[in-house]
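A structural walkthrough
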Amino acid sequence: QVQLVESGGGLVQPGGSLRLSCAVSRSIFSIHAMAWYRQAPGKERELVARLINGVSPNYADSVKGRFTISADTAKNMVYLQMNSLKPEDTAVYHCNADIIGFGSYWGQGTQVTVSS
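Residues numbered from 1 in each chain as written. Predicted model: local features only at pLDDT ≥ 70, side-chain atom pairs only at ≥ 80, totals over all residues. Heavy atoms only, no water.

It is worth spelling out the state of the cysteines at this point. Within the structure shown, the criterion is met by one disulfide. Disulfide pairing places cysteine 22 opposite cysteine 95 at an S-S distance of 2.1 Å. With the S-S bond torsion at -85 degrees, the cross-link from cysteine 22 to cysteine 95 turns out left-handed. Of the two residues, cysteine 22 sits in strand β3 (residues 18-24) while cysteine 95 sits in strand β9 (residues 91-99), which places them 73 residues apart along the sequence. (Disulfide = S-S within 2.5 Å. Helix = DSSP H or I, 4+ residues; strand = E, 2+ residues; numbered from the N terminus.)

Written as structure tokens, this is what we have:
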């Protein structure tokens, strides 16, 4: 069992930045993949960024060059640094952990709203 708790969402103007945090209840060394997903109203949940075995980040085309996923193994934290935010980035952002043999776990989500 893994608990994930996101924080850091909020209201930001276009062009602004936010850093989302995900607190993980177990060592992230044991987690195959950590990821951030988002879901906008009326749309399906989509992958934003993924970190596999702590390395090899990959990103959705829509956020490449603007978002950065990272992990702090000492604190069991995963972050999503979001720069140059656009209104279309508005969504609920969810942290996800994939553990081989155990399944996929989700946080409750944090709202990000990009608006002037």
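Resuming the write-up.
Counting 31 residues, the largest nonpolar core has Leu4, Val24, Met34, Trp36, Leu80, Met82 and Tyr93 as its most contacted members. Mapped by element, the contributors of at least two residues to this core are β3, β4 (33-39), β5 (46-52), β7 (67-72), β8 (77-82), β9 and β11 (110-114). With five residues, β9 is the largest single contributor of residues to this core. Setting aside anything within four residues of it in sequence, one finds leucine 4 in contact with Cys22, Ala23, Val24, Met34, Cys95, Asn96, Ala97, Tyr105, Trp106, Gly107 and Gln108. (Core = buried A, V, L, I, M, F, W, Y, C linked by side-chain atoms within 4.5 Å. Buried < 20%, exposed > 50% of the residue type's maximum accessible area, 1.4 Å probe, protein only. Contact = heavy atoms within 4.5 Å.)

Spatially, four strands are ordered β1-β3-β8-β7 in an open sheet, and the strand pairing comes out antiparallel. In the strand order of this sheet, the two ends are held by β1 (4-7) and β7, each with one partner. Each strand axis lies, on average, 15 degrees off the axis of its neighbour in the sheet, ignoring direction. Sheet analysis places β1 next to β3, joined by four bridges and oriented antiparallel. Counted as the bridge partner of glutamate 6 is cysteine 22 from β3. (Pairing = 2+ DSSP bridges. Axes fitted to C-alpha atoms, helices over the stretch in contact; angles between N-to-C directions.)

Quick look at the environment of lysine 75 now. Mapped onto the secondary structure, lysine 75 falls in the loop between β7 and β8. Overall, lysine 75 belongs to the exposed group, its relative accessible area being 57%. Once the C-alpha coordinates of lysine 75 and isoleucine 28 are considered, the two residues, 47 residues apart in sequence, prove to be 9.1 Å apart.

What follows concerns the side chain of histidine 94. Checked against the element boundaries, histidine 94 lands in strand β9. From its side chain, histidine 94 meets the backbone oxygen of glycine 107 in a polar contact 3.3 Å long. Ignoring sequence-local partners within four residues, the contact set of histidine 94 consists of Glu6, Ala35, Trp36, Tyr37, Arg45, Trp106, Gly107, Gln108 and Gly109. (Polar contact = N/O pair within 3.5 Å; in protein donor to acceptor, adjacent residues only side chain to side chain.)

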